[in-house]
Amino acid sequence: MEEFLRSYSRLCRERGAEPQETVLQRLHELPRGRLDLAAQSLTLDTCRALGALLPREAQLTELVLSDCMLSEEGAALLLQGLCANTILRFLDLKGNNLQARGAEALGKLLRQNKSIQSLTLEWNNLGAWEEAFATFCRALAGNPALRQLDLRNNQISHQGAEELALALKANTGLQQLEQAMEHSQDREAAARESRTRTRVLSKEVRHLREEKSKQFLDLMETIERQREELARSSRASALRVGQLQEALDERHSIINALRAKLQMAEAALALSEQKAQDLGELLAAAEQEQQSLAQKQAKEHRLQQQEAAERESKLLRDLSTANEKNLLLRNQVDELERKVKSQQDQLFLARQELTTTAAELKMRAVQAEERLDLEKRRSRQSLEDAEQLRAKEAEHMARHLEESQRALQERVQRLEAARLSLEEELSRAKAAALGERGRAEEELMKAKSQVRLEEQQRLGHLEEKLRLLAQARDEAQATCLQQKQMVAEAQARGGQLGLQVEALRRRLEELQQELSNKDQEKVVEVTRVRVEFQEQNGRLQAELAAQEGLKEKVAALERQLRVTASGHREALLDRESENASLREKLRLREAEIARIREEEAQRASCLQSAVLAYVQGSPARALSPHK
């Protein structure tokens, strides 16, 4: 089995699943030629791997899969793998709740496999689906290799029994069923012989007296009571076992459904955790974007401050240069006053230089004003763009937070609905169990009443027989001896039935213990799911609290942005006031320059008239001292 074990592990890993530890342990412990996986809960991946290995397995002669809780798909995969196996002789599928698909897969197995000699299908539901069971019976009729078949407790209906009878009529290889028919023929012959003997004895006993009639009546009553008690106990035990098996099957189906729902709930919880993690990443990215925007705005603000400082320094430099030029012009005017008599041409050049400097000053003033207007428009446009970008970002973040909050609320509602549906299904399962119990008690009362009617009818027949046998004294003694022997045999059978009843009682106790264990496991699972739901709710509440904190941070950032924007507006207003003051200073400076020009023009005209008068004056005036 080592090669089988390695192949099983390899196939499971190739299909992306881990091999079951219990299956590996059983494969280590089992002897050669036998694979016993009884009472092991086999998964679908394990069934698929075993179904792929069974056609190539050349040493396996006995396969035991009883009480494995196989699903319909898992059973179909295993039986499909056995179709091509020619070595297997014994197959045990007891207690797996096989239904329609399982019956069809078994029919395909009996049609294709001619090596299986013993097939155990006890405690399944093959007979509940008539068409699938008819397919199984047709396949059974054409299989000559099968020697032993166990179909007890499979809910076979009347139509299923007819199909099974036709299949058994066509199949001549089932040895145990043929032996049972021969025993029934022997019992029927013995019954016919006993009936003929009783008729002869009734004819002969009519002439005897009633001396020992009372003793015989008591003996017959005790025998009949023992028989009735044995029959009643056997019927009650069979009925109880059937009810327990049905309840166990229902519990298995309910447990499977609960497990599937628990898996779905776990998947939904994992999905919600992943989405919560994604939301956290999105929030972190949003915070980083906000930080980057704040840094960018701070950097732009610093650049704007630097540019404003540079413009201010440039204007100051221009003013200083203008002042220097004014001083230079004044010096030149003084020099012209000293040299006006000898340098008239230089006076015109000075006038031209004054006009050019005035034009340059005007041009520079106009350019400075244009640059100020341009910088003002640029700053206003940048502030408007930053305000629009901030409003769009804030609106996007608010909308994203609202969508994430709505999604989380919807997930919480879905989880709550799943929890309520699980609780409703548990309550429905409990109600169904109580209903089944009530129906079982009603059926038991009906069976008791029917048994009482049958007892009364039998007592009437026995009284008639006893009145006919009242006069058979000697034959009564012989009959008493025979009846004593029969009583001994009945006691022996009663002992056997008692042993069987004791075994059934132990089996019922084991089933009750298993049911109690399953109930405890179910309670533990339900509590675990509730705890997980509570933890998930706590995590979701924590996430909601974190989102509230993020909202507060966003509001704080918006307030900070508003404060910075107001600061920028105040700075701009200050800059505009400074620019207005600078323009006022420039206007005053231009007025002063115009006044100086007028004064210089007046001085030049005075000097010119004085020079002309000096040139055209008298010699006496020429001898006068020079001013």
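Residues numbered from 1 in each chain as written. Predicted model: local features only at pLDDT ≥ 70, side-chain atom pairs only at ≥ 80, totals over all residues. Heavy atoms only, no water.

1. Considering the overall build of the chain
In terms of regular secondary structure, the chain is built from 12 helices and 5 strands. Burial analysis of the chain (627 residues in total) assigns 29% to the buried set. For the chain, the exposed surface amounts to about 40,500 Å²; the carbon and sulfur share of it is 53%. (Helix = DSSP H or I, 4+ residues; strand = E, 2+ residues; numbered from the N terminus. Buried < 20%, exposed > 50% of the residue type's maximum accessible area, 1.4 Å probe, protein only. Areas by Shrake-Rupley, 256 points an atom, 1.4 Å probe, with all protein chains shown as cover.)

2. So, helix H3 (residues 44-53)
Every buried residue belonging to H3 is among Thr 46, Cys 47, Ala 49, Leu 50, Gly 51 and Leu 53, and all of these are buried. Residues of H3 that are buried make contact with helix H1 (2-14), helix H2 (21-29) and helix H4 (72-82). (Contact = heavy atoms within 4.5 Å.)

3. What about the pattern of salt bridges?
Counted by the stated rule, this structure contains 11 salt bridges. With a shortest N-O distance of 3.2 Å, Glu 14 and Arg 10 are connected by a salt bridge. Here Arg 10 and Glu 14 lie together in helix H1, a separation of 4 residues that amounts to about one turn. Residue Glu 14 is classed as exposed on the basis of its relative accessible area, which comes to 55%. With its nearest N and O atoms 4.0 Å apart, the salt bridge here joins Glu 600 to Arg 603. Highlighted residues: Glu 600 and Arg 603, both in helix H11 (residues 473-616), separated by 3 residues, approximately one helical turn. Given a relative accessible area of 40%, Arg 603 falls into the partly exposed group. Within the structure, one salt-bridge network assembled from shared partners comprises Arg 34, Asp 36 and Glu 62. (Salt bridge = Lys/Arg side-chain N within 4 Å of Asp/Glu carboxyl O.)

4. Comments concerning the sheet that holds strand S2 (residues 62-64)
What the 5 strands build is an open sheet, ordered S1-S2-S3-S4-S5; its pairing is parallel. Edge strands, defined here as strands with exactly one partner in the open sheet, are strand S1 (34-36) and strand S5 (148-150). On average, adjacent strands in this sheet sit at an angle of 0° to one another, irrespective of strand direction. Pairing between strand S3 (residues 90-92) and strand S4 (residues 118-120): 3 bridges, direction parallel. (Pairing = 2+ DSSP bridges. Axes fitted to C-alpha atoms, helices over the stretch in contact; angles between N-to-C directions.)

5. Notes on the environment of Glu 416
Mapped onto the elements of the fold, Glu 416 is located in helix H10 (residues 344-468). Residue class for Glu 416 comes out partly exposed when judged on its relative accessible area of 30%.

6. Some thoughts on the packing of H1 against H3
At a minimum axis separation of 9 Å, H1 and H3 run at an interaxial angle of 130°. Between H1 and H3, the angle falls in the class oblique. For the crossing formed where H1 meets H3, the hand is right-handed. Contact residues: H1 offers Phe 4, Ser 7, Tyr 8, Leu 11 and Cys 12, while H3 offers Thr 46, Ala 49, Leu 50, Ala 52 and Leu 53. Class assignment for the residues of the contact of H1 with H3 results in 8 nonpolar, 2 polar and no charged. (Parallel < 35°, antiparallel > 145°, perpendicular 65-115°, else oblique. Left-handed = near helix turned anticlockwise from the far one by under 90°. Nonpolar A, V, L, I, M, F, W, Y, C, P; charged D, E, K, R; others polar.)

7. Quick notes on H1
Helix length check: H1 (13 residues) gives 18 Å between terminal C-alpha atoms against 18 Å at 1.5 Å per residue, within 8%. Turning to H1, its buried residues number three or more, namely Phe 4, Leu 5, Ser 7, Tyr 8, Ser 9, Leu 11 and Cys 12. Positive phi appears at Gly 16, one or two residues downstream of H1, with a value of about 80°. (Expected span 1.5 Å × (residues − 1).)

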